[in-house]
Amino acid sequence: MKKIYSTTIINTGGREGEVFSPDKSFSYQVTSPGPHQENKTNPEQLFAAAYSSCFNSALELVMAKQKITSKSTVKATVSLFSDEQTGFQVGVVLSVKIDDVDRETAEELVKAAHEVCPYSKATRGNISVELEVE
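Definitions and cut-offs
Residues numbered from 1 in each chain as written. Predicted model: local features only at pLDDT ≥ 70, side-chain atom pairs only at ≥ 80, totals over all residues. Heavy atoms only, no water. Helix = DSSP H or I, 4+ residues; strand = E, 2+ residues; numbered from the N terminus. Expected span 1.5 Å × (residues − 1). Buried < 20%, exposed > 50% of the residue type's maximum accessible area, 1.4 Å probe, protein only. Contact = heavy atoms within 4.5 Å. Polar contact = N/O pair within 3.5 Å; in protein donor to acceptor, adjacent residues only side chain to side chain. Domains from an automatic or database assignment. Buried area = accessible area lost by both parts, 1.4 Å probe. Salt bridge = Lys/Arg side-chain N within 4 Å of Asp/Glu carboxyl O.

## Some words on helix α1 (residues 43–65)
(1) Moving on: Here α1 contains 23 residues, and its C-alpha end-to-end distance of 33 Å stays within 8% of the 33 Å for a straight helix at 1.5 Å per residue.
(2) Moving on: Looking only at α1, the buried set comprises Glu44, Ala48, Tyr51, Ser52, Cys54, Phe55, Asn56, Ala58, Leu59, Val62 and Met63.
(3) Moving on: The elements touched by buried residues of α1 are β5 (72–83), β6 (87–98), α2 (103–116), α3 (118–123) and β7 (128–133).
(4) Moving on: The opening residue of α1, the one whose side-chain oxygen lies 3.0 Å from the backbone nitrogen of Glu44, is Asn42.

## Things to note about the domain arrangement of the protein
(1) Moving on: Along its sequence, the protein is carved into domain 1 (10–40) and domain 2 (42–133).
(2) Moving on: Averaged C-alpha coordinates put domain 1 and domain 2 at centres separated by 24 Å.
(3) Moving on: Counting each side, the surface lost to burial between domain 1 and domain 2 is near 470 Å², with a carbon and sulfur contribution of 66%.
(4) Moving on: Summed over the three residues of domain 1 that lose the most area to domain 2, namely Arg15, Val30 and Pro33, the buried surface amounts to 62% of that side.
(5) Moving on: Taken together, the links from domain 1 to domain 2 amount to one salt bridge.
(6) Moving on: Residue Glu44 is joined to Arg15 by a salt bridge in which the shortest nitrogen-to-oxygen separation is 2.5 Å.

In structure tokens, the structure reads:
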């Protein structure tokens, strides 16, 4: 495979620390999920942001190949689960809205994007990912 991009993010302090890029162009204070804390995020929010962005880009690629120019919105809901046998797990629900496209076409586009999206490929068989079309 030909590498087309690589990035590095550093964490100090785990869930009660910070994440940042070496050049400091990306920098967030992180905390555990729970009550909102001013100017802090958590790993689940960061994953939701990354997955929704990646999936929507894959969806736009699939739509462009079919000459569909509609606007799409992807909402990723990431949940953290606790299980006595396996410890902690993450699950994702991707809710997708495509303007001016019938439901059947939207469902086909979302399924195709799920096959193309690198995050979908990385999570397949590892975590629960549910696809919803609004």
